[in-house]
Amino acid sequence: MDDKLNKIKYDKMLLELKYLEADIEYTKQVIAKNTRPFERCTRGTARDQGVWQEIEERRIKAFSKGPPPQQKKKKKRIRKKDKELFKKIAKEAHPDKLIHLSEEERDRKQEKFLKASTALQGGSPEEIRQIAKDLGIDPGPVSEEDMESVEEKIEEMNKIMSTLKESVIWVWSQKEDKEEKQQIIEMYVRFLLTTLPQ
């Protein structure tokens, strides 16, 4: 694929990544907003069925063992190319180099510098490239490794999105019909009774 098509494809993937990030944030907010009402309905239904006390006792027993172990995040290696681009950004936006600028311009560039630093440590070459472009620095041609990095992130984001949209609170929050919502609550109560340890 020639450089121009590569660049267009890369930019398209970056837009997809931004969309996924926004969609994940929106979905998380919807879930957060609906968590309390969902829990209230669950509690009410479980009380009506006479099983709330049993569910609470099982929850306490399950959580007394502590949280499940978390997977360690794989540390991403920092590429030489990204370090070099970061150095160019630092020459342009490091706080020590901004004294002569207006306060507004200084704040803008400091923010870019901090974002670039976070992106470098977090292994986000696409963010470093974008910040460089925002500062008028040529990030160089898009490499196959750049493309693969963004494709991996898109895949990760799609998995996160899928998990969020499969959550019972999300599914419940998307139902308009009260009967359907109640059916979900009843299924969830049965799920708790069958999965929480006795």
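Before any of the text, the structure's been laid out above.
Remember, it's a predicted structure, so these values are computed and weren't measured experimentally. Within each chain, residue numbers correspond to sequence positions counted from 1 in written order. Local features in this predicted model are restricted to residues whose pLDDT is 70 or higher, and side-chain atom pairs enter the listing and the counts only when it is 80 or higher, whereas totals over whole chains, interfaces and linings include all residues. Heavy atoms throughout the structure, all of them, feed into the side-chain values; hydrogens and water do not.

Asks: Which parts of the structure should I look at to understand the side chain of S173?
Replies: Within the secondary structure layout, S173 lies in helix α7 (residues 168–173). Within the structure, S173 has its side chain in polar contact with the backbone oxygen of W170 (distance 2.8 Å). For the purposes of these results, a polar contact is taken to be a pair of N or O atoms within 3.5 Å, where, inside protein, one atom must be able to donate a hydrogen and its partner to accept one; residues adjacent in sequence count only when each atom of the pair is a side-chain atom. In this structure the side chain of S173 is engaged in a polar contact, spanning 3.1 Å, whose partner is the side chain of Q174. Only heavy atoms matter for contacts: two residues are in contact if any of them lie within 4.5 Å across the pair. When neighbours within four sequence positions are excluded, S173 is seen to be in contact with V30, N34 and K181. Only DSSP runs of H or I with at least four residues qualify as helices, and only runs of E with at least two residues qualify as strands; both kinds are numbered from the N terminus onward.

Asks: Hey, could you run me through the environment of M187 in this one?
Replies: By secondary structure assignment, the location of M187 is in helix α8 (residues 178–195). The sequence separation of M187 and V168 amounts to 19 residues, and the corresponding C-alpha distance is 9.8 Å.

Asks: Mind showing me how you'd approach the packing of helix α1 (residues 3–48) against helix α5 (residues 125–134) here?
Replies: Two packed helices can be described by the angle between their axes and the distance between those axes. The contact between α1 and α5 brings their axes to 12 Å, and the two run at 105°. As summarised for this structure, α1 and α5 are arranged roughly perpendicular, according to the angle between their axes. Two secondary-structure elements touch here, α1 through K7, Y10, D11, L14 and L17 and α5 through P125, E126, R129 and K133. Grouping the constituent residues of the contact of α1 with α5 by class yields 4 nonpolar, no polar and 5 charged. Fitting a line to C-alpha atoms yields each axis, with helices limited to the stretch in contact; the angle taken between N-to-C directions then spans 0 to 180 degrees. An angle below 35 degrees is read as roughly parallel, one above 145 as roughly antiparallel, one from 65 to 115 as roughly perpendicular, and any other as oblique. Amino acids are sorted into nonpolar (Ala, Val, Leu, Ile, Met, Phe, Trp, Tyr, Cys and Pro), charged (Asp, Glu, Lys and Arg) and polar (every other residue, Gly among them).

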